[in-house]
Amino acid sequence: MFQPRLGVSLHTIATELTEPAISAVARSRIRTLELFPRIFEGDDAPRKVDMVKVMCRERGIEAASVHVPFGGPHDISVLDEAARGRALKTFEEAVPLAIQFDAPLFVVHASAEPIEADHRSRRLDQARKSLAQIVARCAALKKRVAVELLPRTCLGNSVEELLLLLDGLDPQIAGVCLDTNHFMDRYATLPGAVRSLGDRLFALHLSDYDGVDEKHQTPGTGVIDWKAFLRALRDIAYAGPFDYECKLEGDTVEERINRLETNFDWLCSLL
């Protein structure tokens, strides 16, 4: 049964993990978090990890996913094998965070961009090779991985290409993270994409946009038909994270969380 719980990419509401910011999350209705390794960087990284772990344990908040760093040197589709090997180390560097928080899912990008048309086939082959290695590692860790639907020329910029990337990989381990503002001019196809993915839909990144390019607007402020999208999620009995990844107005963490909770209530009213 589709029963969404309020989730958020932690770095979108708190760029720094201060005690007041963590306390604000603890007082909120947020139930799941996506963690980005860079938010824990710095000399006080262990203290940040401990503060968030205590908050999650005491408030019953789940670290539902870890988003592996992406772009530039983290591109797992590059043709140079040495560079691809270095990019795969980015995934390995994210593993300790997932273990510390017992997060069951990694979110990865299949490529950076731009991808030139005459290189696309070879880049897809490289990404598939990298994903096979990541899936094998996830199997050993008893975790899963979701490849994000990306915009523009990135690999995995359509459901069809995502399924091509995942072809032959264990469907219990390898799936998709659907970012709702990455569909470019195909936003009307979003409900159909949800139904096509079915059980392969492991995670969501929720935001709205202008139907041209990603904007990460708050849901309801752009072109997406949210009622139709939610109906599609209900049809497939989606049970994964309901994770906001959008720009939230507000000068403080408390103000941004208030915007988040208000928007979540509006989305739930459409069910």
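Reading the values: rules and limits
- Each chain has its residues counted from 1, following the order in which its sequence is written.
- Since the coordinates come from a predicted model, pLDDT governs what is reported: local features require at least 70, and pairs of side-chain atoms require 80 or more to be given and counted, while whole-chain, interface and lining totals use all residues.
- Here the side-chain values reflect all heavy atoms present in the structure, with hydrogen atoms and water set aside.
- Whether two strands pair depends on DSSP finding at least two bridges between them.
- Every helix listed is a DSSP run of H or I at least four residues long, and every strand listed is a run of E at least two residues long, numbered separately from the N terminus.
- What counts as an axis is a line fitted to C-alpha atoms, over the stretch in contact for a helix, and the angles between N-to-C directions run from 0 to 180 degrees.
- Contacts were defined at the residue level, with two residues in contact if any of their heavy atoms lie within 4.5 Å.
- Relative accessibility thresholds used throughout: buried, under 20% of the residue-type maximum; exposed, over 50%; partly exposed, between the two (1.4 Å probe, protein chains only).
- Nitrogen and oxygen atoms within 3.5 Å of one another constitute a polar contact, given that in protein one can donate a hydrogen and the other can accept it, and given that sequence-neighbouring residues count only through two side-chain atoms.
- By the definition used in this description, the sense in which the near helix is turned from the far one sets the handedness, with an anticlockwise turn below a right angle giving left-handed and a clockwise turn giving right-handed.
- Nonpolar residues are Ala, Val, Leu, Ile, Met, Phe, Trp, Tyr, Cys and Pro. Charged residues are Asp, Glu, Lys and Arg, and all others, Gly as well, are polar.
- Cavities and pockets were defined on a 1 Å grid built from protein atoms only: a cavity is a group of points that admits a 1.4 Å probe but offers it no way out, a pocket is an open group of points flanked by protein on both sides within 12 Å along at least five of seven lines, and a lining residue is one with an atom within 4 Å of any such point.
- Grid points are joined across faces, edges and corners, and a volume is the space filled by probe spheres set on the points.
- Criterion for a disulfide: a pair of cysteine sulfur atoms at a distance within 2.5 Å.

### Topic: the sheet that holds strand β2 (residues 32-35)
Working step 1: Strand order in the closed barrel made by the 8 strands is β1-β2-β3-β4-β5-β6-β7-β8, with parallel pairing throughout. Along the sheet, successive strands turn relative to each other by an average axial angle of 30°, direction set aside.
Working step 2: Here strand β6 (residues 174-179) pairs with strand β7 (residues 201-206) via 4 bridges, running parallel. Looking at the pairing, Leu178 lines up with Leu204 of β7.
Working step 3: Lying over the sheet, helix α6 (residues 190-197) contacts β6 and β7, oriented at roughly 170° with respect to β6.

### What to know about helix α1 (residues 19-26)
Working step 1: Residues of α1 that are buried include every one of Ala21, Ile22, Ala24, Val25 and Ala26, and no others.
Working step 2: Those residues of α1 that are buried are in contact with α2 (45-59) and α8 (253-269).

### With respect to helix α7 (residues 226-235)
Working step 1: Residues of α7 that are buried: Trp226, Ala228, Phe229, Leu230, Ala232 and Leu233.
Working step 2: If you check the start of α7, you find a side-chain oxygen 3.3 Å away from the backbone N of Lys227, and it comes from Asp225.
Working step 3: Ala237 sits one or two residues past α7 and shows a positive phi near 55°.

### Observations regarding the packing of α2 against helix α3 (residues 81-101)
Working step 1: The contact between α2 and α3 brings their axes to 10 Å, and the two run at 35°. Pair α2 / α3 crosses with right-handed handedness. Here α2 contributes Val49, Val52 and Lys53 to the contact with α3, which in turn contributes Leu97, Gln100 and Phe101.
Working step 2: In terms of residue class, the contact of α2 with α3 is built from 4 nonpolar, 1 polar and 1 charged.

### Here's the deal with empty space enclosed by the protein
Working step 1: A complete count under the given rule lists 1 cavity of 30 Å³ or more for this structure.
Working step 2: Computed from the structure, the largest cavity encloses a volume of approximately 70 Å³.
Working step 3: Forming the boundary of the largest cavity are Val68, Pro69, Phe70, His74, Ile76, Ala87, Thr90, Phe91, Val108, His109 and Ile134.
Working step 4: Looking at the lining of the largest cavity, the element that brings in the most residues is α3, giving 3 residues.
Working step 5: Of the residues assigned to the lining of the largest cavity, the class counts are 8 nonpolar, 3 polar and no charged.

### Some points on the state of the cysteines
Working step 1: All chains considered together, the criterion is met by 0 disulfides.
Working step 2: Sulfur of Cys56: no disulfide; nearest cysteine sulfur belongs to Cys177 and is 19 Å away.
Working step 3: According to the relative accessible area criterion, Cys56 is buried, its value standing at 9%.
Working step 4: No disulfide involves Cys246; its nearest neighbouring cysteine sulfur is the one of Cys177, lying 14 Å away.

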